[in-house]
Amino acid sequence: MRKQVFLWGIGLLFLQSVWAQDPAEYQKWLKKQQEEYQDFKDARDKEFVQFLSLEWKQMKAFTGLVRDDKPKPAKLPVYQPPPVRPSEPLKDNAPVGKDIPPPKPDEKAKPAKVPADQPPPVRPSESPKEVAPVAKDIPTPKPDEKPKPVKVPADQPSPMRPSEPSKEIAPVAKDIPIPRPEAKPVGERVKKEEPSAPARFSVPVDFYGMKTDIGHNIGQKPMLGKDVNKESIGAFWAALSRAEYDGLVSELLGQRDRMGLNDWGYCQLVYQWCKQFYSEAHNEAVLMSWFLLSKSGFDARVGYSEGKIHLLLPTANSLYYITYFTIGKDNKKYYAVPLEGAAKRVEGVLYSYDGSYPGVDKTTDFSVKSAPVLNDRVEKKNLKFEYSGRTYSLPVEFNRDAVGFFEYYPQTNFEVYFTSSPSSEAMRSLVAGLKPIVSGKSEIDAVNILLRFVQTAFEYRTDQEQFGREKPFFPEETLYYPYSDCEDRSILFAFLVRKVIGLDVVGLDYPAHIATAVRFGSNVAGDAVTFQGTRYVICDPTYIYANAGVCMPHFKTVNPNIIKFTN
């Protein structure tokens, strides 16, 4: 193929002098080249259509991977610090992993220097002052209930909060700059492109609040008919392959780049366009999505069961609670991905084929490097927490449309959530609000401040109670929804440790519980795990009032699975 392109280029240079003298000859030559290209494209499609006419196989359905079938606790435990006798030194709290020598005797704490733009620290003789006053006229979030500080049941004694360490062990490792607001173009984020030809038509798409028009010159819509079988599916592909689809694929890919969509976001954009194009006709919309994804380079297949078409995708990540099928000699997993709403089990017998469109092999990746760039529908809320006798008020922002994008995001590996980033609005408000609070503090103090924020600024409720299904949160969602549980808090805490303080962190996967562990730059006493020869101190964002180095009692003897991700 490369050799043909090279020879074609040489011929083009040779004929330039002839075309300059005879434009009609050039048009004749160009038409011939276009016909030859169309013949090549049709030959590939013809081969695939012939393949689709062969015997389809009955596929065995697997009900979906289950992450953890153990129920989460209905109520959060509250840390009760053990009494310390004056005559005995404070002992290490049963560290997990290597023994770490106890810290040196406490030295008199030196007063921390306060930057000029930061309020002075509270002294014992002064009454606590609020930092970062509550912003006025902040719109109320859509959920009816606002996050409230965690309340201790009436039959439980008021928890003793552990004394906060005053000794500065090590200064914060890195000085991470506060993200600056991104420059945004005037007007709409995604501009309507002008039609390139009179025969081009526009299809309006509302993609999670972002309204845009995507043009096409497909012509007459291929229809499936009332019978769903291999013959009708093959005829549908053949009809589309003869249409002018290249411009549509190019425009869809351009919209993907402008919106900053990942692979799954692109699949969703393609399906939303096809659904509008076919006026909500499900089977035709799924079949055309299959066609366009294949033309975009994705390994995509379809299957049919009881008259319904299902899109099948291999993924770079594991998906949970989603029906999958093993296809090919290597038993590659193909998931029947839910294109709308929550995942539903594929019922009945599914028929599909063992093969793929020639020349495409891209596996769908569900990783989220950044939130999609949608409308600026920013909402705000105020989060409060206390640390060392001082109350802090933190105004945060989040993108409501990004929350909508993640609402039915297929459940995948925890690594995907731990490595994701929220919208620019959420990141800026979190880092700008928390960085001045931890500035000048020791690593242990800074981490404990972030722990207390995540432990107490959000109200707890399990996913089953809030949604009736399991749903890990991306950081944007934890800021929006009124309740969160253990994995949601751990994902947000890990993000804050990396972005606000700059320390390395890993996730800890216990039975029915997710926590974190932080790699400090100095020796910090307490419970810890050793991973790849490095000691990480346990930090549990769900264990109320517990500082770094304190593990929940019933997990002290449990070796968790380490969730390792790029920090």
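Let me sum up the structure you'll find in this document.

### Re the side chain of Asp-463
Within the secondary structure, Asp-463 is located in helix H11 (residues 463-466). Classification of Asp-463 as buried rests on a relative accessible area of 0%. Polar side-chain contacts of Asp-463 include one of 3.4 Å to the side chain of Lys-72.

### Here we look at the packing of aromatic side chains
If you walk through the whole model with that rule in mind, you get 44 aromatic pairs. Summarising the aromatic geometry, the rings of Tyr-266 and Phe-298 are spaced 5.9 Å apart at their centres and angled 25° between planes, so their arrangement reads as stacked. Here Phe-298 lies in the loop between helix H6 (282-295) and strand E4 (301-305) and Tyr-266 lies in helix H5 (residues 263-277), a separation of 32 residues in the sequence. In this pair, the class of Tyr-266 matches that of Phe-298, namely buried.

### Describing the side chain of His-513
Along the chain, the position of His-513 falls in strand E14 (residues 513-519). Relative accessible area serves as the criterion here: at 5%, His-513 is assigned to the buried category. Within polar-contact distance, the side chain of His-513 engages the side chain of Asp-540 at 2.9 Å.

### Regarding unusual backbone geometry
At Glu-280, a residue that is not glycine, the phi angle is positive and equals roughly 75°. With respect to the element layout, Glu-280 can be found in the loop between H5 and H6. With phi around 60°, Ala-512 is a residue other than glycine that occupies positive phi space. When you line up the elements, Ala-512 lands in the loop between strand E13 (504-510) and E14.

### Re the pairing of strand E2 (residues 201-207)
Both E2 and strand E3 (residues 210-216) contribute to a ladder of seven bridges, which runs antiparallel. Counted as the bridge partner of Phe-201 is His-216 from E3. Counted between consecutive antiparallel strands, the loop separating E2 from E3 contains two residues, among which Tyr-208 sits at a positive phi close to 50°.

### Observations regarding the sheet that holds strand E17 (residues 561-563)
Across the sheet, which stays open at both edges, the five strands sit in the order E15-E16-E14-E13-E17 with antiparallel pairing between neighbours. On the outer flanks of this sheet lie strand E15 (528-531) and E17, each paired with one strand and no other. Averaged over all neighbouring strand pairs, the angle between strand axes comes to 40°, with direction disregarded. Pairing analysis gives four bridges linking E15 to strand E16 (residues 534-539), with the strands arranged antiparallel. In the sheet register, Ala-528 faces E16, and the bridge partner there is Val-537. Where helix H13 (residues 486-501) meets the sheet, it contacts E13, E14 and E16, and its direction lies at approximately 15° from that of E14.

Reading the values: the criteria
Residues numbered from 1 in each chain as written. Predicted model: local features only at pLDDT ≥ 70, side-chain atom pairs only at ≥ 80, totals over all residues. Heavy atoms only, no water. Helix = DSSP H or I, 4+ residues; strand = E, 2+ residues; numbered from the N terminus. Buried < 20%, exposed > 50% of the residue type's maximum accessible area, 1.4 Å probe, protein only. Polar contact = N/O pair within 3.5 Å; in protein donor to acceptor, adjacent residues only side chain to side chain. Phe/Tyr/Trp six-rings, centres within 6.5 Å; stacked < 30°, edge-to-face > 60°. Pairing = 2+ DSSP bridges. Axes fitted to C-alpha atoms, helices over the stretch in contact; angles between N-to-C directions. Contact = heavy atoms within 4.5 Å.

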